[in-house]
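These are the residues of each chain, in order.
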Amino acid sequence: MCDRDEGVWDEGAALMTHSLWLRLTLFSLVAAAGCALDLATKQWIFSELGEPGRQGVWWLIPDLFGFQTSLNQGALFGMGQGQIAFFVATSVLALLGIVVWIVLDRRRSLFLALLLALITAGILGNLWDRLALHEMTWNVFHVLSGQCPPEMAGQPIHAVRDWILVMLGTYPWPNFNLADSMLVVGAIVMAIYAFCLDDENAGKQASQAPQPAASEESND
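Think of each chain on its own: its residues are numbered from 1, step by step along the sequence as written. The predicted nature of this model means local features are confined to residues of pLDDT at least 70 and side-chain atom pairs, given and counted, to a pLDDT of 80 or more, with totals for whole chains, interfaces and linings taken over all residues. By convention in this description, side-chain values take in all heavy atoms of the structure and omit both hydrogens and water.

Any chance you could break down the overall build of the protein for me, citing the residues and the numbers?
Counting its secondary structure elements, the protein contains 6 helices and 4 strands. A 1.4 Å probe rolled over the protein chains alone gives each residue an accessible area, and that area as a share of the maximum for its type sets the label: buried under 20%, exposed over 50%, partly exposed in between. Relative to its full complement of 220 residues, the protein shows a buried share of 32%. Per-residue and other accessible areas follow the Shrake-Rupley method at a 1.4 Å probe size, with only the shown protein chains counted as cover for residues. By element, 66% of the accessible surface of the protein is carried by carbon and sulfur atoms, the whole surface being about 13,400 Å². Strands here mean DSSP runs of E at least two residues long; helices mean DSSP runs of H or I at least four residues long; both are numbered from the N terminus.

This is the structure:
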């Protein structure tokens with residue numbers, strides 16, 4: 001029975017094991033597609049609704065879900081406002097770490113490469129904005145609406161473009177974008193994946209542990 005279970009385990013592991021070039025190819029394609037989708041949706045929404053404050057919310061489900069442009073100079077939930085250099089450096093280090101992780105992954109998991117690609121797409125999409133590659137600049141409207149001080153007028157906007165609005169009752173959840181969504185989903189699924197791997201490894205080790213010899217029954 002034990003041999004049969006080990007055979008099933010080995011077959012399942014073989015299905016999830018792939019060569020480095022295949023994992024890197026999948027990783028690159030998914031990361032590039034995810035980043036492109038994020039940038040395209042940002043460009044579309046900002047071209048439709050304009051800069052923050054130009055128009056109201058574009059409701060898809062009234063008072064529950066809609067589109068609203070905003071600029072975030074921090075991280076998730078607006079934390080670390082203005083710390084652009086820190087976020088750029090952190091993003092670059094994270095990208096390098098992800099590539100190393102894929103190359104050194106001893107399980108050679110295609111699923112792990114997919115999860116890391118989602119996270120990478122999210123990092124790249126927001127990094128593009130933080131580097132001001134969207135070519136947006138602070139202008140008089142931003143100054144008059146209180147979005148930036150007067151001395152920043154004409155300077156590049158090193159901020160992430162957010163546009164998805166979700167209402168929790170009367171509370172507006174902080175605006176986010178597809179890059180944020182890919183980051184969060186990828187991180188959550190990866191945590192679950194790692195937890196399941198720990199359980200599988202623990203179960204496999206327990207099944208391979210030597211069993212204590214049964215004590216011989218005493219004869220009368």
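For helix α2 (residues 20-49), give the residues involved together with the corresponding values.
A helix's residues, less one, multiplied by 1.5 Å, set its expected span. Spanning 30 residues, α2 covers 43 Å between terminal C-alpha atoms, matching the ideal 44 Å at 1.5 Å per step. The complete set of buried residues in α2 reads R23, F27, A31, G34, C35, D38, L39, T41, K42, I45, F46 and L49. Looking one or two residues beyond α2, the residue adopting positive phi is G50, at roughly 80°.

Could you give me a rundown of unusual backbone geometry, with the residues and numbers involved?
Of note in this structure, R108 is not a glycine but carries a positive phi near 50°. For R108, a relative accessible area of 40% translates into the label partly exposed. In this structure, A132 takes a positive phi of about 60° despite not being glycine. Turning to its location among the elements, A132 is positioned in the loop between α4 (110-130) and α5 (140-144).

So what about the environment of N177? Which residues, and what values?
Tracing the backbone shows N177 in the loop between β4 (171-176) and α6 (178-208). For N177 and T41, which are 136 residues apart along the polypeptide, the C-alpha to C-alpha distance reads 8.5 Å. Excluding residues that lie within four positions of it along the chain, N177 makes contacts with D38, K42, N126, V160, R161, D162, W163 and I164. When checking whether two residues touch, look at their non-hydrogen atoms; a contact exists if any pair is within 4.5 Å.

Let's hear about the packing of α2 against helix α3 (residues 84-104): which residues, and what values?
Where α2 meets α3, the closest approach of the two axes is 9 Å, and the angle between their N-to-C directions is 150°. Considering the angle they form, α2 stands roughly antiparallel to α3. Classified by chirality, the crossing of α3 by α2 is right-handed. Of the residues in α3, those touching α2 at L20, R23, L24 and F27 are I98, I102 and V103. For helices, the fitted line uses only the C-alpha atoms of the stretch in contact; every axis is such a line through C-alpha atoms, and the angle between N-to-C directions lies from 0 to 180 degrees. Roughly parallel refers to an angle under 35 degrees, roughly antiparallel to one over 145, roughly perpendicular to one between 65 and 115, and oblique to any angle outside these ranges. Helix crossings fall into two classes, left-handed where the near helix is turned counterclockwise from the far one by less than a right angle and right-handed where it is turned clockwise.

An account of the pattern of salt bridges is needed here, citing residue identities and associated values.
What makes a salt bridge here is a side-chain nitrogen of Lys or Arg within 4 Å of a carboxyl oxygen of Asp or Glu, nothing more. Under the criterion given, the structure shown has 4 salt bridges. For the salt bridge of D129 with K42, the shortest nitrogen-to-oxygen distance reads 2.9 Å. Highlighted residues: D129 in helix α4 and K42 in helix α2, separated in sequence by 87 residues. Its salt-bridge partner being E51, residue R54 comes within 3.8 Å of it at the nearest N-O pair. Take E51: its relative accessible area is 19%, and that puts it in the buried class.

Any chance you could break down the sheet that holds strand β2 (residues 65-72) for me, citing the residues and the numbers?
We treat two strands as partners when DSSP finds at least two bridges between them. With antiparallel pairing, the 4 strands of this open sheet are ordered in space as β1-β2-β3-β4. Of all the strands in the sheet, just β1 (58-61) and β4 have a single pairing partner and so form its edges. Neighbour-to-neighbour, the strand axes of the sheet open up by a mean angle of 35°, direction not taken into account. Examined bridge by bridge, β2 and strand β3 (residues 160-168) share 6 bridges and lie antiparallel to one another. The residue bridging S70 from the neighbouring strand is D162, located in β3.

Just give me the short version of the pairing of β1, but keep the residues and values in it.
Of the pairings in the sheet, the one linking β1 to β2 comprises 3 bridges and is antiparallel in character. The partner of W58 across the bridge, within β2, is F67. A loop of 3 residues connects β1 with β2, the two strands running antiparallel in sequence, and D63 in this loop sits at a positive phi of about 60°.

Function cannot be read off these values alone, since they describe shape.
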